Amino acid sequence: MAPTTPQEPGLSAVPSYEEQQSQSRFDALIGDDSRIEPRDWMPEPYRKTLTRQISQHAHSEIIGMQPEANWITRAPSLKRKSILMAKVQDEAGHGLYLYSAAETLGTERDELNDQLLTGRAKYSSIFNYTARNWADMGAIGWLVDGAAIANQVPLCRASYGPYGRAMVRVCKEESFHQRQGFEILLSLSRGTEKQKQMAQDAINRFYEPSLMMFGPPDDQSPNSAQSMAWKIKRFSNDELRQRFVGMIAEQVKVLGLTLPDENLHFDEEKKQWIHKDLNWDEFMNVIKGNGPANAQRLERRREAHREGAWVREAATAYAAKQEQSEVA
Amino acid sequence: MSQKSNWPLWEVFVRSSRGLSHVHAGSLHAPDKEMALRNARDLYTRRNEGVSLWVVRSTDIITSDPDSKDAFFESPQGKDYRHATYYKASEGVKHL
């Protein structure tokens, strides 16, 4: 055998027998619509994709607390305040379920947290829009949470076990979020002319951003095909957007308001909803950090983390002291 | 920029009502057992999901090796006579 250039271990282009075996077991599990669990072998890109997706999802829940927390003190009644607090607590809980799921892939919590605080990680760009008035609480619940639910329900069947299980819990809790938002808009729409206008204005501002929450159109979403092959994603961005726009087109009638999309209609021949062209330049711009509230959201998160430092330190010190006295 | 806390990971088990087993609900980080229990209550029972909670340090759980699972769980394979459905001759006999 002719001498060859020695290769560094691990850089071989030819997978080892064990790797091939592991890969085919992974493929078989995905093929059978079974689930991958934390200690199973998985291809590195699958692990990376999931870590990124689940942690971004967790960050979105955590940052998503801000636009609503901002309105707790100004909610119009004690009941509305309690509801809003419960909702913000839920978002914190959802963030924690998802961080736990992400951690099972091998990245520690502190590292994930750091990625958010240092601006290395992304979160859903919808939270970089500001919530200007009380009607926005309604539009966010109805449209933003509605779009999130449409996205999340199929994720309950994601091929990665811990992600699917976290999503089941999230989806169960999320359904009240959308309803409470819808009812805020319903109350406003049955109120004075000015209140009705407030509700319409909030819908006008959140309609397009909520449709963009499903991500770029399928022909401009290069990673979708791989995610679908891995059964992380079950439906394409456009399929989910179609489903959502169809639902809200009906629901808005109950409010006696309109969607800011005059030519929105269902094309019987193509069997699909035709909605206005979405402003993807704006979407990309917000993702890049130039949205109305990007800097503010991140700064608020850092501030909360800084302000909590003494609590974490005290808890750690107390735990160490307790452990010592137990040993003694 | 953040100070690393390295709080241990705890697994949370919830009993949803009397008469049922505790079932794994998820996990969380906490500095000690007391905080783990309080955090578990806040995180996993916001809607009356439980009447009792267990928290266990993740590192204290002993698990089977996922790579050898076929061999580890081999024994029951082919022993379908352990199931009632194996016994066909008695089909149709009442209360059996």
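Residues numbered from 1 in each chain as written. Chains lettered and ligands numbered in written order. Predicted model: local features only at pLDDT ≥ 70, side-chain atom pairs only at ≥ 80, totals over all residues. Heavy atoms only, no water.

Asker: Now, about the overall build of chain B: what can you tell me, with residues and values included?
Answerer: Helix and strand content of chain B: two helices and three strands. Reported as C-alpha extents along the three principal axes, the dimensions of chain B are approximately 70 × 35 × 20 Å. Each of the 96 residues in chain B was classed as buried or not, and the buried ones make up 24%. Put simply, of all contacts in chain B between residues at least 6 apart along the chain, 41% involve residues at least 24 apart. With an accessible surface of roughly 7200 Å², chain B has 54% of that area assigned to carbon and sulfur atoms. Averaging the coordinates of the 14 positive side-chain charges in chain B and doing the same for the 12 negative ones gives two points 8 Å apart. (Helix = DSSP H or I, 4+ residues; strand = E, 2+ residues; numbered from the N terminus. Buried < 20%, exposed > 50% of the residue type's maximum accessible area, 1.4 Å probe, protein only. Contact = heavy atoms within 4.5 Å. Areas by Shrake-Rupley, 256 points an atom, 1.4 Å probe, with all protein chains shown as cover. Lys, Arg positive; Asp, Glu negative; His and termini not counted. Charge placed at Lys NZ, Arg CZ, Asp CG, Glu CD.)

Asker: Can you break down unusual backbone geometry residue by residue, with the values?
Answerer: Residues and elements named next belong to chain B. Positive phi values are uncommon outside glycine, yet Asn 48 reaches one of about 55°. Tracing the chain through its elements places Asn 48 in the loop between α1 (33–44) and β3 (52–57). In the Ramachandran plot, His 95 falls in the positive-phi region, its phi being about 60° despite a non-glycine side chain. Within the secondary structure layout, His 95 lies in the segment after α2 (69–72). The exposure class of His 95 is exposed, given its relative accessible area of 84%.

Asker: I'd like a rundown of the pairing of strand β1 (residues 9–15) of chain B, residues and numbers included.
Answerer: Residues and elements named next belong to chain B. By the criterion of burial, β1 is predominantly enclosed, with five of the seven residues buried. Bridging between β1 and strand β2 (residues 22–29) involves seven bridges; their strand directions are antiparallel. Opposite Val 12, over in β2, you have Gly 26 as the bridge partner. Between the end of β1 and the start of β2, which pair antiparallel, lie six residues, with Gly 19 showing a positive phi angle near 95°. Pairing analysis gives six bridges linking β1 to β3, with the strands arranged antiparallel. When the sheet's bridge partners are listed, Phe 13 is paired in β3 with Trp 54. (Pairing = 2+ DSSP bridges.)

Asker: Kindly report on the sheet that holds β3(B), identifying the contributing residues and their values.
Answerer: Residues and elements named next belong to chain B. Overall, antiparallel pairing links the three strands, which are arranged β2-β1-β3 in an open sheet. The outermost strands of the open sheet, each flanked by one partner alone, are β2 and β3. In this sheet, neighbouring strand axes are inclined to one another by 25° on average, regardless of whether the strands run parallel or antiparallel. Strands in contact with α1 are β1, β2 and β3; relative to β2, the strand with the most contacts, it is inclined by about 110°. (Axes fitted to C-alpha atoms, helices over the stretch in contact; angles between N-to-C directions.)

Asker: I'd like to hear about the interface of chain A and chain B, residue by residue, with values.
Answerer: Across the contact, 30 residues belong to chain A and 29 residues belong to chain B. Of the roughly 2400 Å² buried at the junction of chain A and chain B (both faces included), carbon and sulfur atoms supply 43%. Connecting chain A to chain B are six salt bridges. For the pair chain A and chain B, the number of links is 13 residue pairs in polar contact (both at pLDDT 80 or more). Those elements that place two or more of their residues in the side of chain A that touches chain B are α4 (78–103), α5 (109–117), α7 (161–189), α12 (294–307) and α13 (309–327) of chain A. Partitioning the side of chain A that touches chain B into residue classes produces seven nonpolar, seven polar and 16 charged. (Buried area = accessible area lost by both parts, 1.4 Å probe. Salt bridge = Lys/Arg side-chain N within 4 Å of Asp/Glu carboxyl O. Polar contact = N/O pair within 3.5 Å; in protein donor to acceptor, adjacent residues only side chain to side chain. Nonpolar A, V, L, I, M, F, W, Y, C, P; charged D, E, K, R; others polar.)

Asker: Break down the pattern of salt bridges for me, citing the residues and quoting the values.
Answerer: Two side chains that carry opposite charge are able to pair once their charged atoms sit near each other. All names here are of chain A. Tallied over the full model, the rule gives 25 salt bridges over all chains. A salt bridge links Arg 47 to Glu 44; its shortest N-O distance comes to 3.6 Å. Linking Arg 47 with Glu 44, this pair stays in helix α2 (residues 44–63), spanning three residues, or about one helical turn. Salt-bridge contacts for Lys 87 lead to Glu 68; the nearest nitrogen and oxygen are separated by 2.4 Å. Here the residue Lys 87 occupies a position in helix α4, and Glu 68 occupies one in helix α3 (residues 65–72), the gap between them amounting to 19 residues. Of the two residues, Lys 87 and Glu 68, neither departs from the other in class, the shared state being buried.

Asker: Tell me about the confidence of the model for chain B, and please be specific about residues and values.
Answerer: Residue and element names in this part refer to chain B. Per-residue confidence for chain B gives a mean pLDDT of 89; residues scoring 70 or more make up 94%. Confidence scores differ between elements of chain B, with α2 showing the lowest mean pLDDT of 75 and β3 the highest of 98. Confidence estimates for the predicted assembly give a pTM of 0.91 and an ipTM of 0.86. (pLDDT = per-residue confidence, 0-100.)

Asker: Give me the lowdown on helix α10 (residues 237–255) of chain A, citing residues and values where you can.
Answerer: All names here are of chain A. Spanning 19 residues, α10 covers 27 Å between terminal C-alpha atoms, matching the ideal 27 Å at 1.5 Å per step. Residues of α10 that are buried: Asn 237, Leu 240, Arg 241, Gln 242, Phe 244, Val 245, Gly 246, Ile 248, Ala 249, Val 252 and Leu 255. A positive phi of about 70° marks Gly 256, the residue just after α10. (Expected span 1.5 Å × (residues − 1).)

Asker: Explain the packing of aromatic side chains to me, and be specific about the residues and the numbers.
Answerer: This structure, assessed with the given rule, holds twelve aromatic pairs over all chains. Here the aromatic rings of Phe26(A) and Trp41(A) are separated by 6.2 Å at their centres, their planes lie at 85°, and the arrangement is edge-to-face. Here the residue Phe26(A) occupies a position in helix α1 (residues 17–31), and Trp41(A) occupies one in the loop between α1 and α2, the gap between them amounting to 15 residues. On the basis of relative accessible area, Trp41(A) is assigned to the partly exposed category, the value being 30%. Ring geometry for Phe72(B) and Phe73(B): centres 5.0 Å apart, planes at 85°, overall edge-to-face. Overall, the relative accessible area of 55% leaves Phe72(B) in the exposed class. Classification of Phe73(B) as partly exposed rests on a relative accessible area of 46%. Cluster of aromatic residues (ring-pair linked, three or more members): Phe26(A), Trp41(A), Tyr46(A) and Trp230(A). Directly above the aromatic system of Tyr97(A) lies the positively charged group of Arg169(A), at a separation of 5.7 Å from the ring centroid. (Phe/Tyr/Trp six-rings, centres within 6.5 Å; stacked < 30°, edge-to-face > 60°. Lys NZ or Arg CZ within 6 Å of the ring centre and 35° of its normal.)

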